[in-house]
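Per-entry structural report
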Amino acid sequence: IAQNLSVMATQKPGEWVQSLITRFDSQLPIRTGLHTTQSIQNVDQNKECLINVSRHKFSLVINGLTKTLHSVDGMRIHGTEAERNYHESQLIILDTLEKVLNSQPKDTSRLDEAMYVKLLLPQILRFLNPSHENQLTLQLKHLASKVLFALSQNNFTAVFNRISATLTALSTSNEDSSDHTDLELIQHINVHVGRLTQLLNEVNKHFKSLKKSVHFVLAASLEKAIWNWMDNYPEEFTELQKRPNDELADCCDKLFELFNTFA
């Protein structure tokens, strides 16, 4: 078996990764209904295997996990036990995605980046606003946030482009009930001082054309983004007290003025 896997990994990497994804999927709680020590160990082994493989076949693993998450999300469930298995399976997939993203190779192509961000983001965003809250759905929301943070760490441009496109669409929309979901990405992404400046400049560019309902969403989202920046890059915040950043100061002044004018 080991020899066959080795040959498949070398000659047919796509089939090899798919076989690992299929095994991972088949042993999720929603598929087996099991919560034994052995079943948990099997899931953990499959997860570690995918994380290791992703260092060499990153896009294949990400695409496979995204399809698995989509497949599980589309399942019909009936009963308390089935619901538990359903949410636990989602937790396992999200946790695996986060760890795979955090082990992402630095040489992933921009084409691959745009492709898997486009496929993955809609799957993750739906966990940020659960229809009802309990311990499992709150865990899912927390993990989804961690996945978005990991995703944006090495793929910020693709995520930022989605936020920018949403701001552009909202600035030209006449609908009062436009979807603001993509703007919530701002709350969960990894921003250092350069990215924060880029984000604030983008908001300033569109602000006057946005409806007041969008202003409220932006206020909450930007506040969270700024706290995330200070939590994750405290040395940058400390450095600003010694050496002010003129570009950041300028875009912040403009933003405060805009909010004050439209408040």
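What you see is a predicted model; the values in this text were computed from it and never measured. (Residues numbered from 1 in each chain as written. Predicted model: local features only at pLDDT ≥ 70, side-chain atom pairs only at ≥ 80, totals over all residues. Heavy atoms only, no water.)

1. Some points on the overall build of the protein chain
Scanning the protein chain from terminus to terminus reveals 13 helices and zero strands. For the protein chain, buried positions account for 45% of its 263 residues. In the protein chain, of all internal contacts separated by at least 6 residues, the share reaching a separation of at least 24 is 78%. Computing the positive centroid from 26 side-chain charges and the negative centroid from 30, the protein chain places the two 5 Å apart. (Helix = DSSP H or I, 4+ residues; strand = E, 2+ residues; numbered from the N terminus. Buried < 20%, exposed > 50% of the residue type's maximum accessible area, 1.4 Å probe, protein only. Contact = heavy atoms within 4.5 Å. Lys, Arg positive; Asp, Glu negative; His and termini not counted. Charge placed at Lys NZ, Arg CZ, Asp CG, Glu CD.)

2. Looking at the pattern of salt bridges
Counted according to the given criterion, the structure contains 11 salt bridges. Lysine 254 is the salt-bridge partner of aspartate 250, the closest N and O atoms lying 3.4 Å from each other. Pair noted here: aspartate 250 and lysine 254 are both in helix H13 (residues 246–262), with a separation of four residues, about one helical turn. Shared partners join several salt bridges into a network, and the residues in it are Lys47, Asp95 and Lys99. (Salt bridge = Lys/Arg side-chain N within 4 Å of Asp/Glu carboxyl O.)

3. Section: the nonpolar core
Among the nonpolar cores identified, the biggest contains 71 residues, and Leu94, Leu97, Leu101, Ile124 and Ile163 are the most heavily contacted of them. If we ignore the near neighbours within four places in the chain, the residues touching isoleucine 124 are Leu69, Leu94, Leu97, Ala144, Val147 and Leu148. (Core = buried A, V, L, I, M, F, W, Y, C linked by side-chain atoms within 4.5 Å.)

4. A short note on the environment of lysine 254
Overall, lysine 254 belongs to the partly exposed group, its relative accessible area being 45%. C-alpha of lysine 254 to C-alpha of leucine 200: the two residues are 54 residues apart in sequence and 9.2 Å apart in space.

5. Observations concerning the packing of helix H6 (residues 80–102) against helix H8 (residues 135–154)
Taken N-terminus to C-terminus, the directions of H6 and H8 make an angle of 20°; their axes are 9 Å apart at the nearest point. With respect to each other, H6 and H8 are oriented roughly parallel. In the packing of H6 onto H8, the handedness of the crossing is left-handed. Contacts between H6 and H8 pair Arg84, His87, Glu88, Gln90, Leu91, Leu94, Asp95, Leu97, Glu98, Leu101 and Asn102 from the former with Leu136, Thr137, Gln139, Leu140, Leu143, Ala144, Lys146, Val147, Ala150, Leu151, Gln153 and Asn154 from the latter. Within the contact of H6 with H8, the residues separate by chemical class into 11 nonpolar, seven polar and five charged. (Axes fitted to C-alpha atoms, helices over the stretch in contact; angles between N-to-C directions. Parallel < 35°, antiparallel > 145°, perpendicular 65-115°, else oblique. Left-handed = near helix turned anticlockwise from the far one by under 90°. Nonpolar A, V, L, I, M, F, W, Y, C, P; charged D, E, K, R; others polar.)

6. Describing the environment of valine 159
Looking at the element boundaries, valine 159 is found in helix H9 (residues 156–171). Separated by 11 residues in the primary sequence, valine 159 and leucine 148 place their C-alpha atoms 9.0 Å from one another. Contact partners of valine 159, with chain neighbours within four places excluded, come to Val117, Leu151, Ser152, Leu185 and Ile189.

7. Some thoughts on helix H10 (residues 193–206)
Spanning 14 residues, H10 covers 20 Å between terminal C-alpha atoms, matching the ideal 20 Å at 1.5 Å per step. With 10 of 14 residues buried, H10 lies mostly within the body of the structure. Taken residue by residue, H10 has Val193, Arg195, Leu196, Thr197, Leu199, Leu200, Glu202, Val203, Asn204 and His206 as its buried positions. Of the surrounding secondary structure, the elements contacted by the buried residues of H10 are H8, H9, helix H11 (212–232), helix H12 (234–242) and H13. (Expected span 1.5 Å × (residues − 1).)

8. Details of the packing of aromatic side chains
For the structure on display, the rule yields five aromatic pairs. Their ring planes at 70° and their centres at 4.7 Å tell us that phenylalanine 207 and phenylalanine 259 sit as a pair that is edge-to-face. Taken together, the residues phenylalanine 207 in the loop between H10 and H11 and phenylalanine 259 in helix H13 connect sequence positions 52 residues apart. A relative accessible area of 0% places phenylalanine 207 in the buried class. Given a relative accessible area of 24%, phenylalanine 259 falls into the partly exposed group. Seen in terms of ring centroids, phenylalanine 207 and phenylalanine 262 are 5.7 Å apart; in terms of plane orientation they differ by 75°. Their pairing is edge-to-face. Taken together, the residues span a long stretch of sequence, with phenylalanine 207 in the loop between H10 and H11 and phenylalanine 262 in helix H13 at a distance of 55 residues. (Phe/Tyr/Trp six-rings, centres within 6.5 Å; stacked < 30°, edge-to-face > 60°.)

9. Considerations on the packing of helix H2 (residues 13–26) against helix H5 (residues 58–73)
Two numbers describe a pair of packed helices, the interaxial angle and the distance between the axes. At their nearest, the axes of H2 and H5 sit 10 Å apart, and the two run at 35° to each other. Relative to H5, the crossing made by H2 is right-handed. Contacts from Pro13, Gly14, Val17, Ile21, Phe24 and Asp25 of H2 reach H5 at Leu60, Val61, Gly64, Leu65 and Thr68. Class assignment of the residues belonging to the contact of H2 with H5 gives a composition of seven nonpolar, three polar and one charged.

10. Here's the deal with the state of the cysteines
For the coordinates displayed, the defined rule picks out zero disulfides. Cysteine 252 takes part in no disulfide bond, and the closest cysteine sulfur to it belongs to cysteine 251, at a distance of 4.6 Å. Look at cysteine 252 and you get partly exposed, because its relative accessible area is 21%. (Disulfide = S-S within 2.5 Å.)

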